[in-house]
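Below are the chains, spelled out letter by letter.
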Amino acid sequence: MSLRSKDLVGVKDITPEEIELILETAAGFKDVLGRDIKKVPALRGKTTVNLFYEPSTRTRTSFEVAAKRLSTDVINIAASTSSVVKGETLLDTAKTVLALGADIVVIRHGCSGTPHFLAKNIDASVVNAGDGTNEHPTQALLDLFTIKEKKSGIKGLEVAIVGDILHSRVAKSNIYALIKLGAKVRLIGPPTLVPDCLKDLGVTLYSDMNAGLEGVDVIMMLRIQLERQGKGFFPSTHEYFRNWGLTAARVSRAKEDAIIMHPGPMNRGIEIASEVADSSRSVILEQVTNGIAVRMAVLYLVSGVRG
Amino acid sequence: MSLLITNARIIDPSQKMDKVCDIVIEDRKIREIHAHGARGRGQGTKGNKEQTPAGGDQVIDAKGMLVVPGLVDMHVHLREPGFEYKETIKTGTEAAVRGGVTSVCCMPNTNPVNDTPGITEFILRKAIQEGSCSIFPVGAITKGQKGEELAELGMMFDAGCVAFSDDGRPVMDSLVMRRALEYSRIRNMLIISHAEDLSLAAGGVMNEGLLAVTMGLRGIPAQAEEIMVARDIALAELTGGRLHIAHVSTAGSVELLRTAKKRGVAEITAETCPHYFSITEEAVSGYNANAKVNPPLRTIGDVEAIRQGLHDGTIDVIATDHAPHHKDEKSGEFDNAPPGISGLETSFGLSMRLVDDKVLTIDQLVEKMSCMPARILGLSGSKGTLKPGADSDLVIINTEKEYVVNASDFRSKGKNTPFDGWNLKARPAVTIAKGRIYTWE
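The shown structure was predicted, so the numbers you read here are calculated from the model rather than taken from an experiment.

The rules behind the values
- Residues numbered from 1 in each chain as written.
- Chains lettered and ligands numbered in written order.
- Predicted model: local features only at pLDDT ≥ 70, side-chain atom pairs only at ≥ 80, totals over all residues.
- Helix = DSSP H or I, 4+ residues; strand = E, 2+ residues; numbered from the N terminus.
- Rg over C-alpha atoms; globule rule 2.2 N^0.38 Å.
- Buried ≥ 20, exposed ≤ 12 C-beta atoms within 10 Å, placed from the backbone.
- Contact = placed C-beta atoms within 7 Å.
- Pairing = 2+ DSSP bridges.
- Axes fitted to C-alpha atoms, helices over the stretch in contact; angles between N-to-C directions.
- Core = buried A, V, L, I, M, F, W, Y, C linked by C-beta atoms within 7 Å.
- Nonpolar A, V, L, I, M, F, W, Y, C, P; charged D, E, K, R; others polar.
- Domains from an automatic or database assignment.
- Arc of directions from axis to C-beta.
- pLDDT = per-residue confidence, 0-100.

## Considering the overall build of chain B
- Of regular secondary structure, chain B possesses 13 helices and 20 strands.
- Rg of the C-alpha trace for chain B: 21 Å, near the compact-globule value of 22 Å for 441 residues, within the 12% margin.
- Its C-alpha atoms put chain B at 65 × 45 × 40 Å along the principal axes.
- Expressed as a percentage of the 441 residues in chain B, the buried residues total 58%.
- By sequence separation, contacts in chain B at least 24 residues apart represent 73% of the contacts at least 6 residues apart.

Okay, here's the thing in structure tokens:
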């Protein structure tokens, strides 16, 4: 089996079977990462370009490590140092990247839909590393991979996603992925950041954190973007933590074996208490490690479609 | 020059006419309409105007075709001066006549803004030199369209502006809008409202709702429009000014207008555009920037309410909000694409679907696309009518002939349309504007 598309632009656009394929492939690559020589020649001679229009350390590094483990050449282009600042259009930049011989373009961009636009307009495989407030598919896939490792399955799990759902591409991709694999999803946060219309996706909405966490298997915290402060979505980070910060007392509402996730980087004391982040329930660092295996799987599978 | 059009089914709501007749045109005016073959017998007119076209003058046999007064589009962006790479007075009016439009109102959001008589005069001079159809400028309500100080409305009116609007932007300050509606009474001038509460729209790029959330795009709620429609109705009541609401897109706005009209509020009129009664927000799926427009495409419920509003007379006018943009601007990041649809060349075909769907009769359609806008703009003596003495602006249409919309064939520089590839009917076969005959079929 292989993926249907040369690109991975969103979880929205792939089937449950494709998700399973990526996760299975990632499991194989995770074994590789545990070996002495952590490298396979699968994509030798191919070129991966990381085209990042937004600052990112962990996602870019994770893709870079994944690409190198697959033996592709990696070129990192950060928008601030490229000719983008000289006013070059997205398409011109992408065509230039293509002319340099890119086989895979990993793009992060502040505007939603940018990977979709690129995918339609260039022959290389396009992998979405986060677009605006739309999707961050590889983050959701690595989250599923981590949940699967810990819970030995996704179907029927109660998963709570807490925080700024409206602006979170991580939350969006996770919602689609979890629903596709049969989990029950709860969204928790202030109504200003959890739009009512999301109910139509078949998820349950909570503004009361304690009620929302009752009996869940997985608690997925989101980063509160500090630039949202002062835009009226919530009065202060202090009040935010009082209502939606993950404290030990709130964790106790969840199932005893519930795991705690966070895509990072964390704001300790704003959305998550330090002792919770560092507790044995937390799988936050495992998420980072799994990210490499999942991104290897994605890069490998999309280039397989192109042949 | 004289021209005889024979055998045409003439639909002219301005004189409640729907019959097969001949039309005589002379010196860029409608000379008369008479029974076929009467050759100049002034039918039902006083006197005995013996008028036969001189030998060698042109005759068009319009058998089986419809002849209607040239369309009057009261909402068009011609982009000149300042944005000639998007459209010019020349190309915009060429697109107009291709679409059966013989009079356009051009919006003032050019560079410089049409906020002084000098700019108005520039546009009118260019219109005479390069325009394929008649052009009636709309002046800015406020200087630089900044929403702060009134522009020289009276002097611009005297220079030829037929209405005033800060279109593209609302007049956010209620006091400034009040003053505009009050002051406009000096010449009984028309104020056109771009109804959008910018703070509530909050930089949105499409309709608010599940689709926007799941596409990761900022939404604009219907209320951003409705709050301003309600405000401007209230201000029209307060001031007695003449108010026209541009590009109505929501069910709530239709209802606000309906109750205001029922209440008998002064003089309020409203327009909508073909895209608001033809397609929904689904058209932006896949980040199709050619379906990005302001106000945004809404839901099926809104589309139905707009159609109902057209049917019951709540919405008086169909205008295009023709907003041509360059291809480069519409490709790339959806967020950064400017809003707007190039509409002049599809507007009649899309509107004819309302007749097929029995939303409007053909008479009502012509009324809303020609007679009524001419009346609102104070042009009904010369435009939007085929009465003797009126300008010889008219369109000959084969209403049954189908065609496929091909954006790359647009006369307009703006190829930005979500209707590319659509099957439509009733493309104009002949348009007569400014005394010139444009024949395509």
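There is more to say, and it comes next.
## So, the overall build of chain A
- Counting its secondary structure elements, chain A contains 11 helices and 9 strands.
- The C-alpha radius of gyration computed for chain A amounts to 19 Å, which stays within 12% of the reference 19 Å derived for 307 residues, consistent with globular compactness.
- Viewed in the frame of its principal axes, chain A has a C-alpha envelope of about 55 × 45 × 35 Å.
- Taken across its 307 residues, chain A has 48% of its residues classed as buried.

## Observations concerning the sheet that holds strand S7 (residues 101–106) of chain B
All names here are of chain B.
- Strand order across the open sheet formed by 8 strands is S6-S7-S8-S9-S10-S13-S14-S15, with parallel pairing between neighbours. One side of each edge strand has no neighbouring strand; the edge strands of this open sheet are strand S6 (71–76) and strand S15 (317–318).
- Where S7 and strand S8 (residues 134–139) come together, 4 bridges link them in parallel fashion. Residue pairing in the sheet places Cys105 in a bridge with Phe136 of S8.
- Lying over the sheet, helix H7 (residues 222–239) contacts strand S10 (190–193), strand S13 (242–245) and strand S14 (267–272), oriented at roughly 165 degrees with respect to S13.

## Overview of the sheet that holds strand S1 (residues 47–52) of chain A
Residues and elements named next belong to chain A.
- Across the sheet, 4 strands lie side by side as S2-S1-S3-S4; this open sheet has parallel pairing. Looking along the sheet, the strands with just one partner apiece sit at the ends: strand S2 (73–78) and strand S4 (125–131). This sheet shows a mean twist of 15 degrees between the axes of neighbouring strands, independent of strand direction.
- Two elements, S1 and strand S3 (residues 104–109), share 5 bridges in a ladder whose sense is parallel. Note that in S3 the partner of Thr48 across the bridge is Ile104.

## Remarks on the nonpolar core
- Counting 113 residues, the largest nonpolar core has Val105, Ile161, Val162, Val218, Ile219 and Leu299 of chain A as its most contacted members.
- The leading source of residues in this core is helix H11 (residues 284–306) of chain A, at 10 residues.
- Not counting the four nearest positions on each side in its chain, Val218 of chain A is found in contact with Ile147, Leu157, Val159, Ala160, Ala258, Ile259 and Met261 of chain A.
- If you look at the next biggest cluster of nonpolar residues, it comprises 110 residues, including Leu66, Ile141, Ile268 and Ile396 of chain B.

## Some words on the interface of chain B and chain A
- The partner chain A presents 21 residues to the 16 residues of chain B that form the contact.
- Classifying every residue of the side of chain B that touches chain A by side-chain character gives 6 nonpolar, 7 polar and 3 charged.

## Section: the domain arrangement of chain B
Residues and elements named next belong to chain B.
- Parsing chain B into structural domains produces domain 1 (2–67 + 391–399 + 426–439) and domain 2 (70–376).
- Each of domain 1 and domain 2 has a C-alpha centre, and these two points are 32 Å apart.
- Listed per partner, the contact involves 16 residues of domain 1 and 18 residues of domain 2.
- Taken together, the elements giving at least two residues each to the side of domain 1 that touches domain 2 come down to strand S16 (394–397) and strand S19 (428–433).
- Grouping the amino acids of the side of domain 1 that touches domain 2 by side-chain chemistry returns 9 nonpolar, 3 polar and 4 charged.

## Regarding helix H3 (residues 90–99) of chain A
Residue and element names in this part refer to chain A.
- Every buried residue of H3 is accounted for by Leu90, Thr93, Ala94 and Val97. For H3, the buried positions fall inside an angular range of 95 degrees around the axis, keeping them on one side.
- Looking one or two residues past H3, Gly101 carries a phi angle of roughly 100 degrees, positive in sign.

## Side note on the confidence of the model for chain B
All names here are of chain B.
- Considering every residue of chain B, the mean pLDDT works out to 94; 96% of them sit at 70 or more.
- The low-confidence segment residues 40–56, where pLDDT is below 50, has 25 contacts with residues more than four positions distant or belonging to other chains.
- Scored as a complex, the prediction yields pTM 0.94 and ipTM 0.93.

## Here's the deal with unusual backbone geometry
- In the segment running from Gly264 of chain A into Pro265 of chain A, the intervening peptide bond is cis, with an omega of -10 degrees.
- Along the chain, Glu80 of chain B connects to Pro81 of chain B via a cis peptide bond; the corresponding omega equals 5 degrees.
- Inspection of the secondary structure puts Pro81 of chain B in the loop between S6 and helix H1 (89–98).
- Here Ala202 of chain B, not a glycine, exhibits a phi torsion of approximately 50 degrees, which is positive.
- With respect to the helices, strands and loops of the structure, Ala202 of chain B is situated in the loop between helix H5 (198–201) and strand S11 (206–207).
- Here the phi dihedral of His247 of chain B falls at roughly 25 degrees; this positive angle occurs in a residue that is not glycine.
- Looking at the element boundaries, His247 of chain B is found in the loop between S13 and helix H8 (251–263).
- His247 of chain B sits in the buried class, given 25 other C-beta atoms within 10 Å.

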